[in-house]
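Tertiary structure, described
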Amino acid sequence: MRVHGAADSHTVTPIIPLFAPNFFQALDTHLREFRRAPPDKSALLFPHLKNLKCVPFTNFDWKGSEFFVRESPQLLTLHISYIEGRFAFEWFPLIRVLLESAPDLKDLSIEAELAPQKVSPSDLAELARLIEQRPVEKLTLHDAALASPQVLTAMANSPSLREITFLTLDDVLYPLCNNAVVGQGFSALTSISGQFMTVLSLLHAAPFSGLQEINVKYPVNWHPTPRPRLSWSWDSIRVFLEVVGDHAPNLQSLHFQLAANDLEPSTQADGPCAFLPLARCWRLETLDIDIQDAALPSPGSPNIFNPEDDDWMLLCKSWPNLTSLLYICGPNQSCRSHTPAFNPTPRATTKTILQLLENCKSLQTLNIPISVTKSGVRACLAEARNVRHLSLTEMEA
């Protein structure tokens, strides 16, 4: 391991070595015996260190992470990266060290996976204590580490927690949120990132008056053998959009990405446009919905996800601050020749583009499916002088 000038640095990224597994434990024991009393901050090895990123290769390497935390009294940011393919780490001892040694911690990201069967109630209680007792603003955790009403409540009641990123939690947080009463929590939260069912479950649990950003990502499997995963459908996406409109009225940015071939068929093909609840998000600036087909058999999108001109007109009048609108619902860009077509013919026309340009004066990026003629394209281009990125995905002769 090389750490040049670490004693005076504000940022260190040690790649903790695979050899000498007891090195940090022995060094830590030696320093404790040498000092014989709790040292003042100036006597610690890294008194000015504020940002630390560790890449452990084995469970022994956690002692190295703990060592750096103990010797860094001003630590603000701790990121523990994950080496894909390695086993699940037992990282709760690190939480205990953070409770002892990092009073000003603001950003905690532990990507290393945790085996659910190794989590004890006392471990989860200490994680809840860390969230309650530290001014953590950004938190990235996943798996069984959050499968606790106590931890969920600690996050909800934190006055400082601004951003949460969930990793691989579909089958963990979903039943937890549906059985927990969070109340009026999450008042400080401004950003949520995670998989679809995870974010939907959390939004169901409480109102999010301060929420400004939602990022829904396609699931990443961290296990050699996939765990049972909750299925989602067009109906659940419709419910998601309704919950966003009801519980996140101050939303400014929504990024939504799913693979269409994973979706179950809809039981409600017709009815009001699924996007209309987002009209309640009057501060919306960015809407990016990407539901692409990966050239595998898929049930196709129902009409409620194929907006008409009147639907877009109502929405654009509700979004005066809109700067970016992307809606992709069909074959992936790399497989446009996929047959049969995933999405039915777009019902929106040139009228939608002109209404968006008229009502959303700050619009810079526009990509939605419409049916348009060549003369309609010329009309759109004439009005889109201030738009930087314009894509018309369906064209008639």
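Residues numbered from 1 in each chain as written. Predicted model: local features only at pLDDT ≥ 70, side-chain atom pairs only at ≥ 80, totals over all residues. Heavy atoms only, no water.

1. Re the overall build of the protein chain
- Across its full length, the protein chain holds 11 helices and 15 strands.
- Out of the 397 residues in the protein chain, the part that is buried amounts to 52%.
- Within the protein chain, contacts between residues separated by at least 24 positions form 78% of all contacts whose residues are at least 6 apart in sequence.
- Summed over its atoms, the accessible surface of the protein chain is roughly 18100 Å², and 52% of this surface lies on carbon and sulfur atoms. (Helix = DSSP H or I, 4+ residues; strand = E, 2+ residues; numbered from the N terminus. Buried < 20%, exposed > 50% of the residue type's maximum accessible area, 1.4 Å probe, protein only. Contact = heavy atoms within 4.5 Å. Areas by Shrake-Rupley, 256 points an atom, 1.4 Å probe, with all protein chains shown as cover.)

2. Some remarks on the packing of aromatic side chains
- A complete count under the given rule lists 10 aromatic pairs for this structure.
- Measuring from ring centre to ring centre gives 4.9 Å for phenylalanine 275 and tyrosine 327, while their planes differ by 80°; the resulting arrangement is edge-to-face. Taken together, the residues span a long stretch of sequence, with phenylalanine 275 in the loop between strand 11 (263–264) and strand 12 (286–293) and tyrosine 327 in strand 13 (residues 324–331) at a distance of 52 residues. Across this residue pair, the class does not change: phenylalanine 275 and tyrosine 327 are buried.
- An aromatic cluster is built from Trp234, Phe275, Phe305, Trp312 and Tyr327, whose rings are joined through pairwise contacts. (Phe/Tyr/Trp six-rings, centres within 6.5 Å; stacked < 30°, edge-to-face > 60°.)

3. Things to note about the nonpolar core
- Ranked by size, the top nonpolar core spans 96 residues in total, and within it Leu78, Leu98, Phe186, Leu203, Ile214 and Phe240 carry the most contacts.
- Once residues within four sequence positions are removed from consideration, leucine 98 is found in contact with Val69, Leu78, Leu105, Leu108, Leu130 and Arg134. (Core = buried A, V, L, I, M, F, W, Y, C linked by side-chain atoms within 4.5 Å.)

4. Digging into helix 8 (residues 234–247)
- Between its terminal C-alpha atoms helix 8 stretches 20 Å, which fits the 20 Å expected from 14 residues at 1.5 Å a residue.
- Looking at helix 8, one finds that the buried residues are Trp234, Asp235, Ser236, Ile237, Arg238, Phe240, Leu241, Val243, Val244 and Gly245. (Expected span 1.5 Å × (residues − 1).)

5. Things to note about the pairing of strand 14 (residues 365–368)
- Side-chain alternation along strand 14 places Thr365 and Asn367 on one buried face and Leu366 and Ile368 on a second face that is also buried.
- Note: strand 14 against strand 15 (residues 389–392), four bridges, orientation parallel. The residue bridging threonine 365 from the neighbouring strand is histidine 389, located in strand 15.
- On the question of chirality, the crossover connecting strand 14 to the parallel strand 15 by way of helix 11 (residues 374–383) is right-handed. (Pairing = 2+ DSSP bridges. Right-handed = clockwise from strand over helix to strand, strands pointing away.)

6. Focus on the environment of serine 391
- Here serine 391 lies in strand 15.
- Residue serine 391 is classed as partly exposed on the basis of its relative accessible area of 27%.
- Distance in space between the C-alpha atoms of serine 391 and isoleucine 370 is 9.8 Å, their sequence separation being 21 residues.
- Leave out the neighbours within four places in its chain, and serine 391 touches Leu366, Asn367 and Ile368.

7. Remarks on the packing of helix 3 (residues 92–101) against helix 4 (residues 121–133)
- It is the contact of helix 3 with helix 4, at a shortest axis distance of 10 Å, that shows an interaxial angle of 35°. As helix 3 runs across helix 4, the sense of the crossing is left-handed. From helix 3, Phe92, Ile95, Arg96, Leu98 and Leu99 reach across to helix 4, where they touch Asp123, Leu124, Glu126, Leu127, Arg129, Leu130 and Gln133.
- Looking at side-chain class alone, the contact of helix 3 with helix 4 contains seven nonpolar, one polar and four charged residues. (Axes fitted to C-alpha atoms, helices over the stretch in contact; angles between N-to-C directions. Left-handed = near helix turned anticlockwise from the far one by under 90°. Nonpolar A, V, L, I, M, F, W, Y, C, P; charged D, E, K, R; others polar.)

8. Side note on the confidence of the model for the protein chain
- Chain-level statistics for the protein chain give a pLDDT mean of 75 and a share of 64% at 70 or above.
- Low pLDDT, under 50, characterises residues 1–7; the predicted model gives this stretch 15 contacts beyond four residues in sequence or across chains.
- This stretch, residues 220–230, has a pLDDT under 50; its non-local contacts, to residues over four places away or in other chains, come to 20 contacts. (pLDDT = per-residue confidence, 0-100.)

9. Remarks on the pairing of strand 7 (residues 191–195)
- Counting buried positions along strand 7 gives five out of five residues, so the element sits mostly inside the fold.
- Pairing analysis gives five bridges linking strand 7 to strand 8 (residues 213–217), with the strands arranged parallel. Its bridge partner lying in strand 8, serine 193 is registered against asparagine 215.
- Taking the sense of rotation as the criterion, the β-α-β connection linking strand 7, helix 7 (residues 196–205) and strand 8 turns out right-handed.

10. Some remarks on the packing of helix 4 against helix 5 (residues 149–157)
- Contact geometry of helix 4 with helix 5 gives a least axis separation of 8 Å together with a crossing angle of 5°. The angle between the axes of helix 4 and helix 5 places the two elements in the roughly parallel class. Side by side, helix 4 and helix 5 meet where Leu124, Ala125, Leu127, Ala128, Ile131 and Glu132 of the first sit next to Gln150, Val151, Ala154 and Met155 of the second.
- Class assignment of the residues belonging to the contact of helix 4 with helix 5 gives a composition of eight nonpolar, one polar and one charged. (Parallel < 35°, antiparallel > 145°, perpendicular 65-115°, else oblique.)

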